[in-house]
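# Chain and residue survey
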There are 2 protein chains.
Amino acid sequence: METVGQTIRAKRESLGLLLRQVASYLDIDQAILSKIERNERKPSRDNIIKLAEILQMDGEDLLIQFMSEKIALEIANEHCASKVLKAAEQKVKYLKSNLEKN
Amino acid sequence: METVGQTIRAKRESLGLLLRQVASYLDIDQAILSKIERNERKPSRDNIIKLAEILQMDGEDLLIQFMSEKIALEIANEHCASKVLKAAEQKVKYLKSNLEKN
DNA sequence: TTTTACTTGACAGAATTTGTCAAATGTAAA
DNA sequence: TTTACATTTGACAAATTCTGTCAAGTAAAA
């Protein structure tokens, strides 16, 4: 299973773009992008959106990959991880139904 | 749907315990516990475990409630929240299957 | 009015995040 | 082997977030 970093690097290389080109588009130092691609740093939400743009990817897909990876790493070492996710699903539903009302 | 803070407060009051008593058991200032109960501060993992002990609750249940609440609040404002959770579930499975091997 | 429980906000120190920079490393062509 | 270029690495600083302390404030009961 591919990490966000791996996905980004693969796409960047397939487009023949350099770290410095993509980093400048994101308005960050190329050192940071290098670390993002190797999962040493986490991209910001804005980074993800800009990355999807320049790498011609679906922004929502990349965001989903990014957020789900974050959550998975947070709880993967819990033996009750899947219970946590199921409970989270219920809470999200509840929260959303309340947002509608206000 | 009850927040962790509400659950804790309800249980503490039903046992007739004072903030200061529970806080001292957790080894934190009662101001912090007050804020935890009103969702102004987040409890640490250790706080949750100790709370379950002194409030005679199941520690795992409380942890699940705590972690799922954290995740739900993180993503509830995303319209793709449920896709994120489904993707997270897959990733957790993948990560767990790899942990076994090492 | 006094006591008791809880709340609030200012504050400080610790820890984490976020970014900059330049030197080091790797790589491939000249 | 040099040279040029892409990437990686780690030291560093600034900014932000986290954690807890403390004392003054509110509210309600005795």
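The structure this text deals with has already been given above.
Heads up: these notes are all about the structure in this document.

## Regarding the interface of chain B and chain A
On the side of chain A, 34 residues touch chain B, which itself brings 34 residues to the contact. Between chain B and chain A lies a buried interface of about 3300 Å² when both sides are counted; carbon and sulfur atoms form 69% of it. When the buried surface of chain B facing chain A is broken down by residue, Met-1, Leu-85 and Lys-91 of chain B rank first, second and third, together holding 19% of it. The salt bridge partner of Glu-89 of chain A is Lys-86 of chain B, with a shortest N-O separation of 3.6 Å. For the pair chain B and chain A, the interface holds 14 residue pairs in polar contact (both at pLDDT 80 or more). Elements represented by at least two residues in the side of chain B that touches chain A include exactly helix 5 (59–75) and helix 6 (81–101) of chain B. Of the residues forming the side of chain B that touches chain A, the biggest block, 15 residues, is contributed by helix 6 of chain B. Its residues placed into classes, the side of chain B that touches chain A shows 18 nonpolar, 4 polar and 12 charged.

## Description of the relation of the copies chain B and chain A
For the pair chain B and chain A, the relating rotation is 180°, the translation along its axis is 0.0 Å, and the fit reaches an RMSD of 0.0 Å. Expressed as a symmetry operation, the mapping of one chain copy onto the other fits a two-fold axis. Considering only C-alpha atoms, the part of chain B nearest the rotation axis is Leu-85 of chain B, at 3.3 Å. A symmetric contact is evident, with 100% of the interface residues of chain B recurring at the interface of chain A.

## Observations regarding the protein's contact with DNA strand D
In the vicinity of DNA strand D there are 15 residues, among which Arg-9, Arg-20, Ser-34 and Arg-38 of chain A together with Arg-41 of chain B approach most closely. In the interface set of DNA strand D, defined as its atoms within 4 Å of the protein, sugar plus phosphate atoms amount to 53%. In this structure, Arg-9 of chain A approaches DNA strand D through a side-chain N or O atom, which is 2.6 Å from a phosphate oxygen. Interatomic distance of 3.3 Å between a backbone N/O atom of Asp-29 of chain B and a phosphate oxygen of DNA strand D. No other element matches the 4 residues that helix 3 (residues 30–37) of chain A contributes to the surface near DNA strand D. Within the surface near DNA strand D, the residues separate by chemical class into 5 nonpolar, 2 polar and 8 charged.

## Some points on helix 1 (residues 4–14) of chain A
All names here are of chain A. All of the buried residues along helix 1 are Val-4, Gly-5, Thr-7, Ile-8 and Arg-12. Taken around the axis of helix 1, the buried residues stretch over an arc of 160°, which confines them to a single face. In this structure, the buried residues of helix 1 make contact with helix 2 (19–26), helix 3, helix 4 (45–54) and helix 5 (59–75).

## A few points about the side chain of Ser-34 of chain A
All names here are of chain A. Tracing the backbone through its elements, the reader meets Ser-34 in helix 3. For Ser-34, a relative accessible area of 16% gives the class buried. Contact partners of Ser-34, with chain neighbours within four places excluded, come to Arg-9 and Leu-19.

## What about the pattern of salt bridges?
The full count for this structure, using the stated rule, is 18 salt bridges over all chains. Close ionic contact of Glu-60 of chain A with Lys-83 of chain B constitutes a salt bridge, the shortest N to O distance being 3.5 Å. Taken as a pair, Glu-60 of chain A in helix 5 and Lys-83 of chain B in helix 6 lie in two separate chains rather than in one. Glu-37 of chain B is the salt-bridge partner of Arg-9 of chain B, the closest N and O atoms lying 2.5 Å from each other. With a gap of 28 residues between them, Arg-9 of chain B in helix 1 (residues 4–14) and Glu-37 of chain B in helix 3 (residues 30–37) connect regions that are remote in the sequence. Since its relative accessible area comes to 24%, Arg-9 of chain B is described here as partly exposed. In this structure Glu-37 of chain B comes out as buried when scored by relative accessible area, which is 4%. Beyond isolated ion pairs, a larger network of salt bridges with shared partners links Lys-70 and Glu-74 of chain A together with Lys-70 and Glu-74 of chain B.

Cut-offs used in this document
Residues numbered from 1 in each chain as written. Chains lettered and ligands numbered in written order. Predicted model: local features only at pLDDT ≥ 70, side-chain atom pairs only at ≥ 80, totals over all residues. Heavy atoms only, no water. Contact = heavy atoms within 4.5 Å. Buried area = accessible area lost by both parts, 1.4 Å probe. Salt bridge = Lys/Arg side-chain N within 4 Å of Asp/Glu carboxyl O. Polar contact = N/O pair within 3.5 Å; in protein donor to acceptor, adjacent residues only side chain to side chain. Helix = DSSP H or I, 4+ residues; strand = E, 2+ residues; numbered from the N terminus. Nonpolar A, V, L, I, M, F, W, Y, C, P; charged D, E, K, R; others polar. Least-squares fit on C-alpha atoms with pLDDT ≥ 70 in both. Near = heavy atom within 4 Å. Buried < 20%, exposed > 50% of the residue type's maximum accessible area, 1.4 Å probe, protein only. Arc of directions from axis to C-beta.

Shape descriptors only; they carry no functional weight alone.
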